[in-house]
Amino acid sequence: MQTLIEVYEHDKERILNELMTFLRFPSVSSEEKHRDDMLACSAWLEEYLQAIGMHVERWKSSQHPIVFASHLEAGPDKPTLLLYNHYDVQPVDPLDLWKTPPFEPTIREGNVYARGASDNKGQCFYAIQAIKMLLQRDGTLPINLKMVIDGGEEVGSSGLAEILASKKEQLRADYLAVLDVGILKPDIPAVTLGTRGLITLTLEVQGPSSDLHSGSHGGLVNNPLHALTTMLAMLHTPEGKVAIPGFYDDVADLSSQERQQLDFSFDTEAYRSEFGVLPYGGEKGVPPLERAWIYPTLEINGIMGGYGGSGFKTVIPAKATAKISCRLVPQQDPHRTELLVKKFLEANVPEGITATITSHPGIGKAMRTSPSSKIVQAASQAYEEVFGSPCHYILEGGSIPIVPELAQTSSSEAVLMGMTLPGDNAHAPNERFSLNRFKQGLAVITRIIDLLGTTSKF
Ligand SMILES: [Zn+2]
């Protein structure tokens, strides 16, 4: 370990220059104008991974290319680890809030600032450097290694999802490490044992065929905005639970062992100072992180309708719309939940109103890994050695919809890990990544590969 860090320090300038090159590609997957930049970025990755000695393919999809690299010389009795990263990034607006341009990476006070610095190019590149250093040191790897670098994570990974089945054999692995999350604090490492699933819906209610005068028609027609808000208000009980019958049917409680292993500690004051609000959402009487990790939610993400401009307009709008999402927990089937929500809303449409409910792609199940799995054990040992501090186990309230599908297709046990912190401004202006955490990430990955290499497969 020491010698690898020495090698890193020796090569640091070259490594950071290459990271800068990676960060300079404006690989914004959601914007058509960046289609060629996505191609160029994936081509650069392909060439880089080939040069370090990996076998590389670029997989076409209806979205952007997916880079797949492998090094499979350890033999069939050694485990296979599949790493997941992504090279696409979020859009950069509002651009005027960036202190330095998002695609001109700049180092300030030990951090590199650029779009993608932490999500996810920084995390992708320390993993690549770890593989490169091990290959330089030993000429080979102690395990079979595969790496899938997605080009569509920020747009729901539908490109990867549609080709997954056809790549089943190539993706097959014992373990899947998704390097797209973070640690608890700069000095407290953590392994993420699961994510919540996701469904998203648009509810549109229609009343009259066009907007109406609220004087002439007020009291006559059912106002679509009233209908919408009435329907939305029915979705929760006064205690903060989701009121849809059957919504909680498949929600499994945690075992007492799981409950003990997870770190549910929550600093209310720190939350208030960071977000300007106290954590009063969800079901009353349930601790904050249980509400965010182990129970499902239904949130209204947007309401559109009527007049919102300056001054006043006495109008009864023809229609109104709401955006609704649910975060799901293990055992909850996204399709069943979607049906329950639709049925409930349809049963509560007021007279004179028609409702249309559309579901969106990007639907995903929740995922959960046991802390006793070998990959979790290897990851936490690696973190503990690198940080000199015990590794915590946490869950993620958010969703990475491709992860459960990728774990299933590759027949692997999945774990989520990484080196980011909330202050890294992922998806926001002035995204950054600390160079120290870049180095620690590299050390953790090399250690995990070494540790898995000392175990035979069975
Ligand atoms: Zn990401």
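Residues numbered from 1 in each chain as written. Predicted model: local features only at pLDDT ≥ 70, side-chain atom pairs only at ≥ 80, totals over all residues. Heavy atoms only, no water.

A.B. asks: So what's going on with unusual backbone geometry? Which residues, and what values?
C.D. replies: Note: most residues except glycine have negative phi, and most peptide bonds are trans. Following Asp93, the chain continues to Pro94 via a peptide bond in cis, the omega torsion being 5 degrees. You will see that Gln331, though not glycine, has its phi angle at about 80 degrees, which is positive. Tracing the chain through its elements places Gln331 in the loop between strand E13 (319-328) and helix H11 (334-347). Given a relative accessible area of 59%, Gln331 falls into the exposed group. Even without being a glycine, Ser411 presents a positive backbone phi close to 55 degrees. (Helix = DSSP H or I, 4+ residues; strand = E, 2+ residues; numbered from the N terminus. Buried < 20%, exposed > 50% of the residue type's maximum accessible area, 1.4 Å probe, protein only.)

A.B. asks: Which residues make up the coordination of the zinc ion, and what values go with them?
C.D. replies: Octahedral metal centres with six donors ideally show angles of 90 or 180 degrees, and tetrahedral centres with four donors ideally show 109.5 degrees. At the metal site, the zinc ion is ligated by His86 (NE2), Asp119 (OD), Asp180 (OD) and Asp180 (OD), and these contacts range over 1.9 to 2.4 Å. Around the zinc ion sit four donor atoms, and with donor-metal-donor angles ranging over 54 to 151 degrees the site reads as irregular. Spacing between the donor residues of the zinc ion along the chain follows H-x32-D-x60-D. Residue His86 is located in strand E3 (residues 80-86), and its partner Asp119 is located in the loop between strand E5 (111-113) and helix H3 (121-138); the two are separated by 33 residues in the primary sequence. Across the pair, Asp119 and His86 agree in class, each one buried. (Donors = N, O, S within 2.8 Å, 3.2 Å for Na, K, Ca; no water. Tetrahedral: all angles 85-135°; square planar, octahedral: opposite > 155°, others 65-115°.)

A.B. asks: Requested: an account of the pattern of salt bridges, with residues and values cited.
C.D. replies: For the coordinates displayed, the defined rule picks out 17 salt bridges. We note a salt bridge from Arg259 to Glu290, for which the minimum N-O separation is 2.7 Å. Note that Arg259 is positioned in helix H8 (residues 256-261) and Glu290 in helix H10 (residues 288-293), a separation of 31 residues in sequence. Put simply, Asp11, Arg14 and Glu18 are held in one network by salt bridges that share partners. (Salt bridge = Lys/Arg side-chain N within 4 Å of Asp/Glu carboxyl O.)

A.B. asks: Tell me about empty space enclosed by the protein, and name the residues and values.
C.D. replies: As enumerated under the stated definition, the model contains one cavity of 30 Å³ or more in all. Computed from the structure, the largest cavity encloses a volume of approximately 40 Å³. Around the largest cavity, the lining residues are Leu193, Leu254, Glu258, Leu262, Arg368, Thr369, Ser370, Pro371 and Leu395. Class assignment for the residues of the lining of the largest cavity results in five nonpolar, two polar and two charged. (1 Å grid on protein atoms, 1.4 Å probe; cavity = no way out; pocket = protein on both sides within 12 Å on 5 of 7 lines; lining within 4 Å. Points joined across faces, edges and corners; volume = space filled by probe spheres on them. Nonpolar A, V, L, I, M, F, W, Y, C, P; charged D, E, K, R; others polar.)

A.B. asks: I'd like a description of the pairing of strand E9 (residues 197-206), backed by residues and values.
C.D. replies: For E9, the tally of buried residues reaches seven of ten residues, placing the bulk of the element in the interior. Here E9 runs beside E13; their pairing, made up of ten bridges, is antiparallel. Considered in E13, the bridge of Thr202 is made with Lys323. (Pairing = 2+ DSSP bridges.)

A.B. asks: Describe the pairing of strand E6 (residues 144-150), naming the residues involved and giving the relevant values.
C.D. replies: Each regular strand shows side chains that alternate between the opposite faces of the sheet. Across the seven residues that make up E6, a large majority, seven, are buried. Alternating residues of E6 divide into Asn144, Lys146, Val148 and Asp150 and Leu145, Met147 and Ile149, and every residue in both groups is buried. In terms of strand pairing, strand E2 (residues 66-71) meets E6 through five bridges, oriented antiparallel. Residue His71 lies in a different strand from E6, and its bridge partner there is Leu145. Here E3 pairs with E6 via seven bridges, running parallel. Its bridge partner being in E6, Tyr84 is matched across the sheet by Val148.

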